[in-house]
Amino acid sequence: MRRRELREGAQGLLMVLPPVAVIAVFIGFPVVAAIAYTLGRAGGPNSVVASLGQRQFIVQHGVTLDAYRDVLGNKTIHRDLWATVWVTVLATLVVVVVSWAIALYLRLADTRLARIVSGLSVVPLFIPVVIASYAMLVFYSSDGFMRSVAYHLGWHSFPTLGFTLWCVFLAEVWVNIPFGVLMMSSGLNGVPNNLIEAARDSGASMPRVVRSILLPMNVIPTVIVATFTAIYVLGSFTVPYLTGPTAPNLLGPSMSNFFSAFNQPQQAEVLAIVVFVLALGIGAVYVWANVRTGKRSAVAP
Amino acid sequence: MSTERRLDGAQQRAEAPASPAPERTDVGLQIEHVSKDLGGRTIVDDMQLEVKAGELTCLLGPSGCGKTTTLRMIGGFLIPDRGRVLIGGNDVTKMSPDKRPTAMVFQNYALWPHMTVFKNVAFGLRLRKLPRQEVSDRVAQVLELVGLTHHVHSYPARISGGEQQRVALARALVLEPKVLLLDEPLSNLDAKLRVRVREDIREIQQRIGITTVFVTHDQDEALSISDRIAVMSGGNVEQYADARSLYREPETTFVASFVGAMNSYEATVVPGGLELPGKLVVPCDDLSATGDGTFEAGVRPEDVHVSLNGDGAPADVVREVPRGHYKEIVLNAGPNEVRAFVSADLPPAEHVRISFTRALLYRDGVLQRSSAPVSV
Ligand SMILES: Nc1ncnc2c1ncn2[C@@H]1O[C@H](COP(=O)(O)OP(=O)(O)OP(=O)(O)O)[C@@H](O)[C@H]1O
Ligand SMILES: [Mg+2]
């Protein structure tokens, strides 16, 4: 019995070995090298980049956290970090709320309008991020469409959103809405009608059905949308680079600045690790939610 | 307590529109000329049904005849296009399900997977803001009523189908509805459990005396637990009667063929019996009607009398099927196939004589009756 289990385990391991090996060689190894570099080790694979970079903190023996101190003590980076956090949190919140609302409407109303809305909500999926970013600017820059229209309607002080963090926020919402709506819709459509009807039958009003049946049954899709959106915004580059201000901006563009414009690759990699740790924290929420719901809905043996 | 208040409130609201009939305590549920169109088709067509208080009525009919649609109109999940639904004499036609004094047990139970058994049953009571203690007392009480005392804190996915079925029943009963609705509640259970659970349901129903509408397409189920059975076809009630009259005197050929087995022939009435195709005269003492011209004659297999010699029309035995305490024999009488249920003791034979002890005569699918019992 135990031997058979062992053999089956070994077979499984053998089957996942090739992809794991590929990841280990092409992603794992560079990651390890990068971490070593941020800790002051400039030998081996890091020697080329270390020979070009400026403002490096290198040690021959052991490790040093000087590069981290340098980055985390930098006032500009504080502002970037803060910008990243609030844009991420706000965009995630808005994406979750808006996609919940749209998906709920689609679930409960089976009308032509609902079908049109459901079609429209996935349109951003088919528009490249670069195009969408420029479209945002065309709409919200100082000489953009919105301001022109507002001006003609007599509102002369319509705010310029182009090249501000607000424009970044709007563009991030635009980019992430389709995934949110698709995910929430499939989650809500997975709730059978008769579960809703049974609740109505027990005397629940429609808002109560949403709160007591649909919401708890749609936790996993909600967590997926929230975590994926947050991780996407956290690590995004194109949107903040094209539509955001010079500074402060999200950590993505700032990483790129450190790497090429300032020629400080060590600091760029430290930033990458900071972003990675934040994303890891978000990922942990996702795993925790999955485990928690998995426990209760396991089917009887 | 508060359930009562809610139900009363619901009734007062319903009393306002045209419902002059004073409250009658003997009628549980009335369906008056109800019609419903769905997808451009008339699914339920001018249906009428009255269920007495405390009575269990089965809606029996083939797939697609509108049973579920009817039940959903009683429960408030569908609003009839025409006609009225009354509960205890009060018009509830347009009332939403959360306001109606009805409770539904769904075919696949519709238990909420994220709530434990206890929470599933307690949900409706909690909505009514009852004190904690009362909620748990009433849940415990109703779970005991349906015979489910453990697994109270399990999630539905972890209990068996039969237990889930009981939870669904408990969830419906805990709100003390005036009308209990069950849509094929046993179809997901295996054959043995089905028989046991249906008897349990019947016993609970009689114990608390709740007006019940039970949808099924299984005639056995309907015949064994109902006070009355409404046989439906094409969105209408073909016959509404107790099990015995439904079986002995089916009003239409549809009911005759749907409930139980029935031999049917084109026949004319001749002195002493019926003439079947092939100029075969079969003696029959008890005809539902007489008259000229052809009838559609229906004869139950147990009303076919088979003897080895003696009177009657000649017939050849095609095969015998042992059925335990009786046997079914298939005969050829001229060009006609005859099925008969006979005593298991009847010795095997190739050629026999048959007569009918009773035959029902139909014209245009409707049972023909003479005012007095006919003897020819
Ligand atoms: N929403 C709907 N739109 C269009 N047609 C419908 C709708 N609901 C039901 N029908 C049709 O109405 C007919 C009767 O449906 P119903 O569910 O009442 O049948 P039933 O007697 O319960 O059958 P079964 O024994 O298969 O459950 C079916 O032909 C079905 O296709
Ligand atoms: Mg049905």
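Residues numbered from 1 in each chain as written. Chains lettered and ligands numbered in written order. Predicted model: local features only at pLDDT ≥ 70, side-chain atom pairs only at ≥ 80, totals over all residues. Heavy atoms only, no water.

> Which parts of the structure should I look at to understand the interface of chain A and chain B?
A common way to report how large an interface is uses the accessible area buried once the components associate. Between chain A and chain B, the contact holds 22 residues from the first and 27 residues from the second. Across the chain A to chain B interface the summed buried area is about 2,100 Å²; carbon plus sulfur atoms make up 58%. Summed over the shared surface of chain A and chain B, the number is seven residue pairs in polar contact (both at pLDDT 80 or more). For the side of chain A that touches chain B, the secondary-structure elements that each account for two or more residues are helix H9 (193–201), helix H10 (206–217) and helix H14 (265–297) of chain A. Element by element, the count of residues in the side of chain A that touches chain B is highest for H9 of chain A, at seven residues. Partitioned by chemical class, the residues of the side of chain A that touches chain B number ten nonpolar, six polar and six charged. (Contact = heavy atoms within 4.5 Å. Buried area = accessible area lost by both parts, 1.4 Å probe. Polar contact = N/O pair within 3.5 Å; in protein donor to acceptor, adjacent residues only side chain to side chain. Helix = DSSP H or I, 4+ residues; strand = E, 2+ residues; numbered from the N terminus. Nonpolar A, V, L, I, M, F, W, Y, C, P; charged D, E, K, R; others polar.)

> I keep staring at the layout of surface pockets and nothing clicks. Help me out?
Where empty space is left becomes clear once a probe the size of a water molecule has been rolled over the atoms. Residue and element names in this part refer to chain A. In this structure, the second largest pocket encloses a volume near 410 Å³. In terms of lining residues, the second largest pocket is bounded by 18 residues, among which Arg107, Leu108, Ala109, Asn193 and Ile196 are the most central. If you list the elements that add at least two residues to the lining of the second largest pocket, you get helix H4 (75–108), helix H5 (112–120) and H9. At four residues, H9 tops the list of elements feeding residues into the lining of the second largest pocket. Considered class by class, the residues forming the lining of the second largest pocket number eight nonpolar, four polar and six charged. (1 Å grid on protein atoms, 1.4 Å probe; cavity = no way out; pocket = protein on both sides within 12 Å on 5 of 7 lines; lining within 4 Å. Points joined across faces, edges and corners; volume = space filled by probe spheres on them.)

> Quick question: what am I supposed to make of the confidence of the model for chain B here?
Low pLDDT marks regions whose predicted coordinates should not be analysed in detail. All names here are of chain B. Of the residues in chain B, 92% reach a pLDDT of 70 or more, and the chain-wide mean stands at 89. When pLDDT is averaged over each element of chain B, strand S3 (residues 56–60) comes out on top at 97 and helix H1 (residues 2–15) at the bottom at 40. In the predicted complex, the global pTM is 0.83; the interface-specific ipTM is 0.81. (pLDDT = per-residue confidence, 0-100.)

> Please explain H10 of chain A as it appears in this structure.
Given 3.6 residues to a turn, an α-helix orients residues that are three or four positions apart in the same direction. Taking 1.5 Å as the rise per residue, H10 of chain A with twelve residues should run 16 Å; its terminal C-alpha atoms sit 15 Å apart, in good agreement. Here H10 of chain A has its buried residues at Val209, Val210, Ser212, Ile213 and Leu214 of chain A. On its buried face, H10 of chain A is in contact with H4, helix H8 (165–189) and H9 of chain A together with helix H3 (117–127) of chain B. (Expected span 1.5 Å × (residues − 1). Buried < 20%, exposed > 50% of the residue type's maximum accessible area, 1.4 Å probe, protein only.)

> What am I meant to see in the domain arrangement of chain B here?
Residues and elements named next belong to chain B. The domain architecture assigned to chain B consists of domain 1 (27–251) and domain 2 (261–368). Between domain 1 and domain 2, the C-alpha centre-to-centre distance is 40 Å. Taken together, the contact between domain 1 and domain 2 spans six residues of the former and ten residues of the latter. Taken together, the connections running from domain 1 to domain 2 amount to two salt bridges. A salt bridge links Asp303 to Arg248, with the nearest nitrogen and oxygen atoms 3.6 Å apart. Taken together, the links from domain 1 to domain 2 amount to five residue pairs in polar contact (both at pLDDT 80 or more). For the side of domain 1 that touches domain 2, a count of residues per class yields three nonpolar, no polar and three charged. (Domains from an automatic or database assignment. Salt bridge = Lys/Arg side-chain N within 4 Å of Asp/Glu carboxyl O.)

> I tried to follow the domain arrangement of chain A on my own but got confused; where do I start?
Residues and elements named next belong to chain A. Partitioning chain A into structural domains gives domain 1 (1–67) and domain 2 (74–299). The straight-line distance from the C-alpha centre of domain 1 to that of domain 2 is 32 Å. At the junction of the two partners, domain 1 supplies 13 residues and domain 2 supplies nine residues. Summed over both sides, the interface of domain 1 with domain 2 buries roughly 970 Å², with 57% coming from carbon and sulfur. Of all residues in domain 1, the largest losses of buried area upon contact with domain 2 belong to Tyr37, Thr38 and Gln54, amounting jointly to 44% of the total for that side. For the pair domain 1 and domain 2, the number of links is zero salt bridges. Joining domain 1 to domain 2, the criterion identifies five residue pairs in polar contact (both at pLDDT 80 or more). Elements represented by at least two residues in the side of domain 1 that touches domain 2 include exactly helix H1 (2–38) and helix H2 (47–52).

> Just to check I follow, could you spell out the sheet that holds strand S20 (residues 360–363) of chain B for this structure?
Backbone-to-backbone hydrogen bonds join strands into a sheet, with any given pair of strands oriented parallel or antiparallel. Residues and elements named next belong to chain B. The antiparallel open sheet is built from six strands, whose spatial order is S13-S12-S11-S14-S20-S21. Here the strands that pair on one side only, and so sit at the sheet edges, are strand S13 (280–283) and strand S21 (366–367). Judged from the two bridges that link them, S20 and S21 form a sheet pairing that is antiparallel. Paired with Arg363 across the bridge in S21 is Val366. (Pairing = 2+ DSSP bridges.)

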